[in-house]
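Remarks on the overall topology
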Amino acid sequence: MSVKVRFAPSPTGKLHVGNVRTALVNWMFAKGQGGSFVLRIDDTDLARSTPEFEQGIEDDLTWLGLVWDERYNQSKRFDRYHDAAERLKAAGRLYPAWDTPEELDRRRKVQLSRGLPPIYDRAALALSDEDKAALEAEGRKPHWRFKLDGRRVAWEDLSRGHAEVDTTSMSDPVLIREDGLYLYTLPSVVDDIDMGITHVIRGEDHTTNTGAQIEIFEALIAAGLGTTVPTFAHMPLLVGADGAALSKRLGSLSVAEMREQGYEPIAITSHLGRIGTSDPLEVADSIEALGQGFSFDKMGRSPARYDTEDLDRLNAQALHAMPYTAAKGRLEALDCDLGETFWDAVRANLTKFGDVVDLARMVRGPVTPVIEDPAFAAAALAVLPETIDAGAWSVWTSAVKDSTGAKGKALFMPLRHILTGQPHGPDMATIVPLIGRERIEKRLKGEVA
C-alpha cells in the first residue's frame, strides 16, 4: 500500500512553527516512504477563511520546500459532507440536539457537584416528537451530535505505540453547528476516506479526539463509505528550551516572520525535523535528505525542545556551507555581489544572509577607520606594498612588524580596526586585495573610504 498523508491548515491565519512541524513530519514520512503529500485547505468556515491567508500558506510551504502532490479545498466538497451526514443520520449515529450553551453549562455544573464526569447527558435522545416540534416552533435550530459507542477504542500508534481511548468518558461530539456549518471532524474523516489517506500524523494533543474519529470512520465504513481506517501517529508537542510550555511569542511565530528575520528554509526544516529525535541537530544536505532519513523509531516520547539558539546555529551552519552559485542571485538582489572570492571569504562570518550587506560595505566602503595610534598607521602606510595581491597581507604585516616592533594582536588588531572599522571579521589576507590599495591608503590616513 502506497503511503499517502495530508496537511489540512485553515486559511484563517498564518502558518506558525507548530503547524509547520506537523506539515514537515507528514512530508518527511511520505517522501521517505516514496508516498504522496496532500495539501487540503480547511476552509469550511467561509466567514473567517481568506484568499490572502490561503495564498500565504502555499507561499510558505513552497518556500520551505514542502511541495504537495495533490491539493484540495474543503469548501468545494460540501455535497460529500452532506451525503456522509445523511448516511450517519439514517444509521442513527447522528442526532439533533437543541441544548443551549447556558443549559449545557448548568448541567455540567450539576454533574461536577455530584462527582460525575461533565460530559453530555444525551438529553436530546429523550425528546419526543412533540418536544422537538415545540422547540422548533420557538425558532430554535438543532446542532447535530455523533452518538459514540461508549467503548475502549484501541489502535497501534506509529509514535506512541499501543494506544487506547475510552469513549464512555467523552461527550458525543458536535459535527454540525446550528447554522449548518460543518465542524472540522466530519469533513476531515470524509476527506481522508475519499482521498485514500493512509496515515494521519499530528500532535499528541489530538490523541483523545482520535478515539471518536475512529468510531466515525467505522460508522461511515458500515454505511458504505470507505473501507479502511487510517494508521495514526501522535507526535510529542513542542516546548520551550527550558522544558516549559512554548511561549506565546514563539508559539505564534509565523514562517513569514522567520523569513523576514533572515532564517534559511533548510535551517528551519532541519531544526523542526530533528528536534526530539535521535538524529544529530545539524543542517541536512537538502529537504529530500531529511525525508529519506526520517523514521518514527527515532522520535522520542518526551516533548521536543524548541530553542532559538539551536536554530541560529543551524542557520549560520547553512550559510557557511552555501556555495557561491546558490548565493549569487541573492547577492545581486542586495547589490552585494563582489564575486566568488568575496563570498568564500565572508560566508563563515554570517549568521543571517543579510549580514553580507555590512561585509560588502567593509570592502567597498565607506568605512570610517578606527585609528588609536596615528604613528602606527603612518608606519604601516610607509611600508604598504605597491601591489595588493593574494600574498600582500603576509608581506605587509611582516614589514609593519619590522618597522614598529608590534607583533601578535598588537600588530593585527590595529590594522583590522583601521581597514575595516571593526574588531573582528573575515580573514584579512583574502579581504585586503578586495579592498584594494587606493582605499587602504585612504583608510590608513584616517579618511573615510
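For the structure, see preceding data.
Residues numbered from 1 in each chain as written. Predicted model: local features only at pLDDT ≥ 70, side-chain atom pairs only at ≥ 80, totals over all residues. Heavy atoms only, no water.

Turning our attention to the overall build of the chain. The helix and strand tally for the chain stands at 20 helices and twelve strands. Computed over the C-alpha atoms, the radius of gyration of the chain is 31 Å, more than 25% above the 22 Å expected from 2.2 N^0.38 for a compact globule of 449 residues. Principal-axis analysis of the C-alpha atoms gives the chain an extent of 105 × 45 × 40 Å. When each of the 449 residues of the chain is scored for burial, the buried share is 46%. Long-range contacts, defined as pairs at least 24 residues apart, comprise 74% of the intrachain contacts of the chain with a sequence gap of at least 6. Carbon together with sulfur atoms contributes 50% to the accessible area of the chain, which is approximately 21,000 Å² in total. Each charge sign in the chain was given a centre, from 53 positive and 67 negative side chains, and these centres are 2 Å apart. (Helix = DSSP H or I, 4+ residues; strand = E, 2+ residues; numbered from the N terminus. Rg over C-alpha atoms; globule rule 2.2 N^0.38 Å. Buried < 20%, exposed > 50% of the residue type's maximum accessible area, 1.4 Å probe, protein only. Contact = heavy atoms within 4.5 Å. Areas by Shrake-Rupley, 256 points an atom, 1.4 Å probe, with all protein chains shown as cover. Lys, Arg positive; Asp, Glu negative; His and termini not counted. Charge placed at Lys NZ, Arg CZ, Asp CG, Glu CD.)

Moving on, we get to the environment of Asp166. Relative to the elements of secondary structure, Asp166 occurs in strand 7 (residues 161-166). Overall, the relative accessible area of 25% leaves Asp166 in the partly exposed class.

Attention shifts here to the packing of helix 6 (residues 185-194) against helix 7 (residues 207-222). Taken N-terminus to C-terminus, the directions of helix 6 and helix 7 make an angle of 55°; their axes are 10 Å apart at the nearest point. In terms of orientation, helix 6 lies oblique with respect to helix 7. Once helix 6 is placed against helix 7, the crossing between them reads as right-handed. For the pair helix 6 and helix 7, contact is made by Thr185, Leu186, Ser188, Val189, Val190, Asp192 and Ile193 and by Gln213, Ile216, Phe217 and Leu220, respectively. For the contact of helix 6 with helix 7, the residue count by class is seven nonpolar, three polar and one charged. (Axes fitted to C-alpha atoms, helices over the stretch in contact; angles between N-to-C directions. Parallel < 35°, antiparallel > 145°, perpendicular 65-115°, else oblique. Left-handed = near helix turned anticlockwise from the far one by under 90°. Nonpolar A, V, L, I, M, F, W, Y, C, P; charged D, E, K, R; others polar.)

Take the sheet that holds strand 1 (residues 4-7) next. Spatial ordering of the open sheet is given by 1-2-3, a layout of three strands whose pairing is parallel. Pairing within the sheet leaves two strands with one partner each, and these edge strands are strand 1 and strand 3 (70-73). For this sheet, the mean angle separating the axes of adjacent strands, direction not counted, is 25°. Inspection of the sheet shows strand 1 paired to strand 2 (residues 36-41) by four bridges, in the parallel sense. Each residue of the ladder has a partner; that of Lys4, found in strand 2, is Ser36. Sheet strands in contact with helix 1 (residues 17-32) are strand 1 and strand 2, and its direction is about 165° off that of strand 1. Relative to the sheet, helix 2 (residues 51-64) contacts strand 1, strand 2 and strand 3, its axis offset from that of strand 2 by approximately 160°. (Pairing = 2+ DSSP bridges.)

Looking now at the nonpolar core. Leu61, Leu66, Met258, Leu272, Phe296 and Tyr306 are the most contacted members of the largest nonpolar core, which totals 46 residues. Considering each element in turn, this core owes the most residues, nine residues, to helix 1. Not counting chain neighbours up to four residues away, the residues in contact with Leu272 comprise Val17, Val20, Arg21, Leu24, Leu238 and Tyr306. The next biggest cluster of nonpolar side chains, apart from the first, holds 37 residues, and it includes Tyr324, Ala345, Met362 and Ile440. (Core = buried A, V, L, I, M, F, W, Y, C linked by side-chain atoms within 4.5 Å.)

With that settled, the discussion passes to the side chain of Glu54. Assignment of secondary structure puts Glu54 in helix 2. What makes Glu54 buried here is its relative accessible area of 17%. Discounting residues that sit within four places of it in the chain, Glu54 has contacts with Pro11, Ile41, Asp43, Arg71 and Asn73.

Bringing unusual backbone geometry into the picture now. Outside of glycine, negative phi angles account for most residues, and trans bonds account for most peptide bonds. That bond from Gly365 to Pro366 is cis: its omega, 0°, falls within 30 degrees of zero. We note that Arg122 has phi near 60°; this positive angle belongs to a residue other than glycine. The class of Arg122 is partly exposed, set by a relative accessible area of 28%. Not every positive phi belongs to a glycine, and Asp335 is a case in point at roughly 55°. As for its position among the elements, Asp335 is in the loop between helix 13 (324-333) and helix 14 (340-346). Here Asp335 falls in the exposed class, since its relative accessible area comes to 53%.

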